[in-house]
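Residues per chain are reported as follows:
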Amino acid sequence: MASYHKPDEKTLQGLKDVANKLRIHSIKATCASNSGHPTSCCSAAELMSVMFFHSMRYKADDPRNQCNDRFVMSKGHAAPILYAAWAEANYVKESDLLNLRKIDCDLEGHPTPKLAFVDVATGSLGQGLGAACGMAYTGKHFDKSSYRVYCMMGDGECSEGSVWEAMAFASYYKLDNLVAVLDINRLGQSEPAPLQHNMEVYRKRCEAFGWNTYVVDGHDVEELCKAFWQAKQVKDKPTCIVAKTFKGKGLKNIENLDNWHGKPIPKDRVDDLLKDLQAQIQVPNKKLSPELPEEDTVPADLTPIVMSKPPAYKLGEKMATRRAYGTALAKLGEASKRVVAMDGDTKNSTFSDTFRKAFPDRYIECFIAEQNMVSVAIGCATRDRTVAFASTFAAFFSRGYDQIRMAAISQSNVNLVGSHCGVSIGEDGPSQMALEDLAMFRAIPTCTVFYPSDAVSTERAVELAANTKGICFIRTSRPESAVIYTPDEKFEVGVAKVVRQSDSDQVTVIGAGVTLHEALQAADILAAEGKNIRVVDPFTIKPLDAATILSAARATGGRIITVEDHYKEGGLGEAVLSAVGAEPGVVVTRMAVSGVPRSGKPQELLDLFKISAKHIAQAVRQTFAN
């Protein structure tokens, strides 16, 4: 093992000076905005100084360079000190720090990727480490590169379960290129954090989760230099640096006192405090430069990904869309090495296992930790290093909804695939039935919602998702259903398919997934009675093809029936209502699942909730009667 060389006194003093400059910048910025968290910044000053100007390797003039070490500010409320560090690195103008939180400035209250040096948005606490895990896994296993990942966390957020999901993940996968830095400043927002300064309990918890752990004085730059150096020597374990710090460090009559969270320094005290800090800086104009990274990571290949082979299904063949997803993903993996997949221990049900068998080196088992799985996917997708697909039962994405919400703020391109939607899964019962997932994902900005109805459209949805910016959600079904499209059928985001029509259609019925097939059966029932209906497959629920739906409505006397294996709130019916709301003379009848379901056979449940073919036919007859 290499031996440690203590930095010379000049370097150590330079790091102390930078720490106090970071404090000064943070105080000035939060005073200028009259809001923010200066005391949370002050506790982290030495940690940031040593990381950014002694331990991390990066090109300061090219923050998003693929070779750079990564940094995640999980305690996002300490954003001002992150901006200050980049000002000291000469990337952010010092004068811009005074525009913190202003409407026309990208230095927001919590970091977002509007800034080139931010990979993931933070501020909803407890999520940064999961994203850092995704970055570290990508660096070690996909890029096979030397860049390292650093994640700064607060002690308050360690109450979040997602932190410990990420801790378990990182040790299981031996992410020795990952360093978590715990800023244990004792004080939370409204009262002290649960463990306060009980550093031994933090040590034992981190070690119990399989991490190489150092407990340090977070304000001692020499001790920090050694801890970060030691972390680089350790193999097969992530490192946690548990730093004892004081909130408001360096601020007289504020340091380590309660009730200073999220408060700028009062104007009558600022000058004296700044003078105290300035007096401790021995070489005020000296700038420290970070070490440059190794050039061992290739630029991302951004060429569109085209499926290696077209769908290979015959019309009328029975195939579950969840199974078609696995087939499509494996084909996509053949087409591009950037495609990676992960799952939450449901791979034999979502059929992501098909991809795992074909490309085991590009598959990550995330186990039953859906929050962390979403965060890992977000981390994997940063800097366009991968095209990530993460799958589980659609119902379980509700576990990770905050992570999904933050993915949109992170401008993440991540693909989430939810199987086992609706009552049509049958006997497993309501805990496994996704009946609110369309509402969830429709509410997410940047999200495209695919709801394919057969194997062909599922394969095309997967291919489109891989090339669509933002979050994509693909809703797949458990029952086997007939293939209704030929392999050469073209699909586009936001373009619906009219799958049954005649010149005498009197009602438009819109279904998706299993209910599209029920609608087609209803059309056959009604045709035998001499009544024709138009049947529309929306393909994407968001964006919805309003033009096709309105055209169909006008051709059928303004009569629309929507039928969905989902709760009424926020689903297909409400999407259609939104699309046609301004059109006079259009009436939408919505058929959906009402109330909490129960176990039963799929067809029994479709009948029970009146979304089966016979009930659709009856609703059409009722429309005529009205």
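Everything numeric here is computed off the predicted structure, so don't read it as measured data.

(A) Representation of the pairing of strand β12 (residues 471-475) in the model. In terms of burial, β12 is largely enclosed, as five of its five residues are buried. In β12, alternate side chains face the same way, and those of Ile471, Phe473 and Arg475 on one face and Cys472 and Ile474 on the other are all buried. As paired elements, strand β10 (residues 414-419) and β12 share four bridges and run parallel to each other. Across the sheet, Gly418 pairs through a bridge with Arg475, a residue of β12. The sheet contact formed by strand β11 (residues 447-450) and β12 spans four bridges and is parallel. Residue pairing across strands places Val449 opposite Phe473, the latter belonging to β12.

(B) View of the packing of helix α10 (residues 321-335) against helix α16 (residues 455-466). Viewed as axis vectors pointing N to C, α10 and α16 meet at an angle of 45°, and their least axial separation amounts to 8 Å. As the angle between them shows, α10 and α16 are arranged oblique. Where α10 crosses over α16, the two elements pack in a sense that is right-handed. Of α16, the residues touching α10 (which contributes Thr321, Ala324, Tyr325, Thr327, Ala328, Leu329, Lys331 and Leu332) are Ala455, Thr458, Glu459, Val462, Glu463 and Ala466. Looking at the contact of α10 with α16 residue by residue, the class counts come to eight nonpolar, three polar and three charged.

(C) Structural detail: the environment of Phe169. Relative to the elements of secondary structure, Phe169 occurs in helix α6 (residues 161-172). Put simply, Phe169 and Ala369 are 200 residues apart on the chain and 9.1 Å apart in space, counted from C-alpha to C-alpha. Excluding residues within four positions of it along the chain, Phe169 makes contact with Cys133, Tyr137, Leu175, Ile364, Glu365, Cys366, Asn372 and Val376.

(D) Spotlight on the packing of aromatic side chains. Evaluated as defined, the whole model comprises 25 aromatic pairs. Ring centres of Trp164 and Phe209 lie 5.0 Å apart, and the angle between their planes is 50°; this geometry places the pair in the tilted category. With a gap of 45 residues between them, Trp164 in helix α6 and Phe209 in the loop between α7 (199-208) and β4 (212-217) connect regions that are remote in the sequence. According to the relative accessible area criterion, Trp164 is buried, its value standing at 16%. Taking the centre distance of 5.7 Å and the plane angle of 75° together, the rings of Phe450 and Phe539 count as edge-to-face. One end of the pair, Phe450, is in strand β11; the other, Phe539, is in the loop between β16 (532-537) and β17 (540-542), and 89 residues separate them in sequence. For Phe539, a relative accessible area of 0% gives the class buried. Members of the aromatic cluster, joined through ring pairs, are Phe52, Tyr58, Phe71, Tyr83, Trp86, Tyr91 and Phe117. One Lys or Arg, Arg70, reaches over the ring of Tyr147 and ends 3.7 Å from the middle of that ring. Across the ring face of Phe359, the terminal group of Arg362 is positioned such that the distance to the ring centre comes to 4.3 Å.

Rules of the game
Residues numbered from 1 in each chain as written. Predicted model: local features only at pLDDT ≥ 70, side-chain atom pairs only at ≥ 80, totals over all residues. Heavy atoms only, no water. Buried < 20%, exposed > 50% of the residue type's maximum accessible area, 1.4 Å probe, protein only. Helix = DSSP H or I, 4+ residues; strand = E, 2+ residues; numbered from the N terminus. Pairing = 2+ DSSP bridges. Axes fitted to C-alpha atoms, helices over the stretch in contact; angles between N-to-C directions. Parallel < 35°, antiparallel > 145°, perpendicular 65-115°, else oblique. Left-handed = near helix turned anticlockwise from the far one by under 90°. Contact = heavy atoms within 4.5 Å. Nonpolar A, V, L, I, M, F, W, Y, C, P; charged D, E, K, R; others polar. Phe/Tyr/Trp six-rings, centres within 6.5 Å; stacked < 30°, edge-to-face > 60°. Lys NZ or Arg CZ within 6 Å of the ring centre and 35° of its normal.

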